[in-house]
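Topology and contacts: notes
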Amino acid sequence: MAAPQQSEIRYLNPLSVDVKKKKYCRFKKLGIKYVDYKDAEFLKKFLNEQGKILPRRLTGTSQKFQKKVAQAVKRARHLALLPFVTDMMK
Amino acid sequence: MNSYETVFIATPVLSDAQTKELLGKFQGIITENGGQIVNTEEWGLKKLEYPIQKKSTGFYFLIEFQGEGPIIETLETQYRRDERVIRFLTFRLDKDAVAWAEKRRAKLAGKAHEAANAASAAANNATETVKTEEE
C-alpha cells in the first residue's frame, strides 16, 4: 500500500533536466567578418586554461569562423601576443 | 596591387633613435620596391608572452602597405638579415580585413584626435585657472 503512494511524488515546477541553452555563433550574430589577431583578450575567449583552441562543439562558432579564429590565434602566438603553452591563463 | 600587413618585433635594447631608424629602413625597402605605405603603427615596448631569443620584451611595429607580390620576398630577406628583428609576420589582407583595417585606423585616428582635444582643453583649463589665480 505504501509503495505506490511514494512513487507519486509531484513537483510544483517541471524538472529542468534537458533545458539547454542553444549555442550560437557569435560572429554571425554580431556581424563580425574579420577575426583580428591583434586583440589577444578577445581571442582568449576561444582558448582553454592551457592556451589550447577550444573545439567549436563547445564554443558554438560556425565552421567558417572557427577556421578564422584558429588562423588568428596562430598569428597571435607567432607574434608572442598569446602563449603556445601555459597554465592558469584565466 | 594587393594589400599587405607586416608586423615585426625589434630587440628591446634599442634606443629611441635606433627604433626610428629601423622603422625607416623597412619603410624605405617597401617604397623602393614600388609599394605604397598606407599606415604605420608603433605599439611600443610590449611584454612577450614567451621568451624569444632569451628576451622577454620587444618593440612592436606594424606597417600596412599596398604593392605587388615580389616585395614580400625582399622584405622578408631583409628581416632575416637584420639581427635587430627578432620576429616578423607578413600576410595579405582579404577584403574583409581591409575593411576592418580601415575601421581600425579611423577609430585610432578618432582616439588620437580626442586625446589631442582633451590635452588642449586641459591646457586651456590650466591657463584659465592660472589667469583666475592671477586675478
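Above this text is the structure in question.
Quick look at the structure, then. (Residues numbered from 1 in each chain as written. Chains lettered and ligands numbered in written order. Predicted model: local features only at pLDDT ≥ 70, side-chain atom pairs only at ≥ 80, totals over all residues. Heavy atoms only, no water.)

Digging into the overall build of chain B
Our working rule: Per the convention used, a helix needs a DSSP run of H or I reaching at least four residues, while a strand needs a run of E reaching at least two, with both numbered from the N terminus. Each residue is placed in one exposure class: buried if its accessible area under a 1.4 Å probe, protein chains only, is under 20% of its type's maximum, exposed if it is over 50%, and partly exposed if it falls in between. When checking whether two residues touch, look at their non-hydrogen atoms; a contact exists if any pair is within 4.5 Å. All accessible-area figures derive from a Shrake-Rupley calculation using a 1.4 Å probe, and residue coverage is judged against the displayed protein chains alone.
Scanning chain B from N- to C-terminus turns up 3 helices and 4 strands. Its helices and strands in sequence order give chain B the pattern β-α-β-β-α-β-α, from N to C terminus. A total of 135 residues make up chain B; the buried ones form 35% of that total. Counted over contacts in chain B with a minimum sequence separation of 6, partners at least 24 positions apart contribute 73%. For chain B, the exposed surface amounts to about 8100 Å²; the carbon and sulfur share of it is 51%.

Let's talk about the interface of chain A and chain B
It is common to give the size of an interface as the accessible area lost on bringing the parts into contact. Heads up, the rule is: Accessible area that two parts lose when put together, evaluated with a 1.4 Å probe and summed over both, is termed the buried area. Salt bridges are defined as contacts in which a side-chain nitrogen from Lys or Arg sits within 4 Å of a carboxyl oxygen from Asp or Glu. Between N or O atoms, a polar contact is any pair within 3.5 Å; within protein, one atom must be a potential hydrogen donor and the other a potential acceptor, and residues adjacent in sequence are included only when both atoms are from side chains.
The partner chain B presents 20 residues to the 15 residues of chain A that form the contact. With both sides pooled, the region where chain A packs onto chain B buries about 1600 Å², and carbon together with sulfur makes up 64% of that total. Summed over the shared surface of chain A and chain B, the result is 1 salt bridge. Note that Lys-38 of chain A is salt-bridged to Glu-5 of chain B, the shortest N-O span being 3.2 Å. Applying the counting rule to chain A against chain B returns 9 residue pairs in polar contact (both at pLDDT 80 or more).

What about helix 2 (residues 70–81) of chain B?
Residues and elements named next belong to chain B. In plain terms, the rule: Working rule for helices: expected span equals 1.5 Å times residues minus one. Arc definition: directions from the helix axis to the C-beta atoms.
Its 12 residues place the ends of helix 2 17 Å apart at the C-alpha level, agreeing with the 16 Å of an ideal helix rising 1.5 Å per residue. Of the residues making up helix 2, those classed as buried are Ile-71, Ile-72, Leu-75, Glu-76 and Tyr-79. Along the axis of helix 2, the buried residues cluster in a sector spanning 120 degrees; they form a single face. Pointing more than 90 degrees away from the buried face of helix 2 are the exposed residues Pro-70, Glu-73, Arg-80 and Arg-81. Turning to helix 2, the residues buried within the fold contact strand 1 (2–10), helix 1 (16–32), strand 3 (55–67) and strand 4 (85–92).

Observations regarding helix 5 (residues 63–78) of chain A
An ideal rise of 1.5 Å per residue puts 22 Å on 16 residues; helix 5 of chain A measures up with 23 Å between its terminal C-alpha atoms. Those residues of helix 5 of chain A that fall on the buried side of the exposure criterion are Phe-65, Gln-66, Val-69, Ala-70, Ala-72, Val-73, Arg-75, Ala-76 and Arg-77 of chain A. Looking at the buried residues of helix 5 of chain A, the elements they touch are helix 2 (26–30), helix 3 (40–43) and helix 4 (56–59) of chain A together with strand 2 (36–52) and strand 4 of chain B. Downstream of helix 5 of chain A by one or two residues, Ala-80 of chain A has phi in the positive range, about 60 degrees.

Description of the packing of aromatic side chains
Convention followed: Pairing of aromatic rings covers Phe, Tyr and Trp, the last through its six-membered ring, and needs centres within 6.5 Å; plane angles under 30 degrees mean stacked, over 60 mean edge-to-face, and all others mean tilted. Consider the ring centre and the ring normal. A charge sits over the ring if Lys NZ or Arg CZ is within 6 Å of that centre and within 35 degrees of that normal.
Tallied over the full model, the rule gives 14 aromatic pairs over all chains. Plain terms: the ring middles of Phe-27 of chain A and Phe-42 of chain A are 6.0 Å apart, the flat faces sit at 85 degrees to each other, and that makes the pair edge-to-face. Of the two residues, Phe-27 of chain A is situated in helix 2 and Phe-42 of chain A in helix 3; the sequence distance between them amounts to 15 residues. With respect to class, Phe-27 of chain A is no different from Phe-42 of chain A; both count as buried. Here the guanidinium or amino end of Lys-46 of chain B rests over the ring plane of Tyr-60 of chain B, the centre of that ring lying 5.6 Å away.

With respect to a positive patch on the surface
Let me state the cut-off plainly: Patch building starts from residues that exceed 30% relative accessible area and form no salt bridge, then joins like charges within 9 Å and nonpolar side chains (Val, Leu, Ile, Met, Phe, Trp, Tyr) within 5 Å. This count recognises Lys and Arg as positive and Asp and Glu as negative, with His and chain-terminal groups excluded. One atom stands in for each charge, and that atom is NZ of Lys, CZ of Arg, CG of Asp or CD of Glu.
A surface patch of like charges, here positive, comprises Lys-28, Lys-33 and Lys-64 of chain A together with Lys-95 of chain B. Given a relative accessible area of 56%, Lys-33 of chain A falls into the exposed group.

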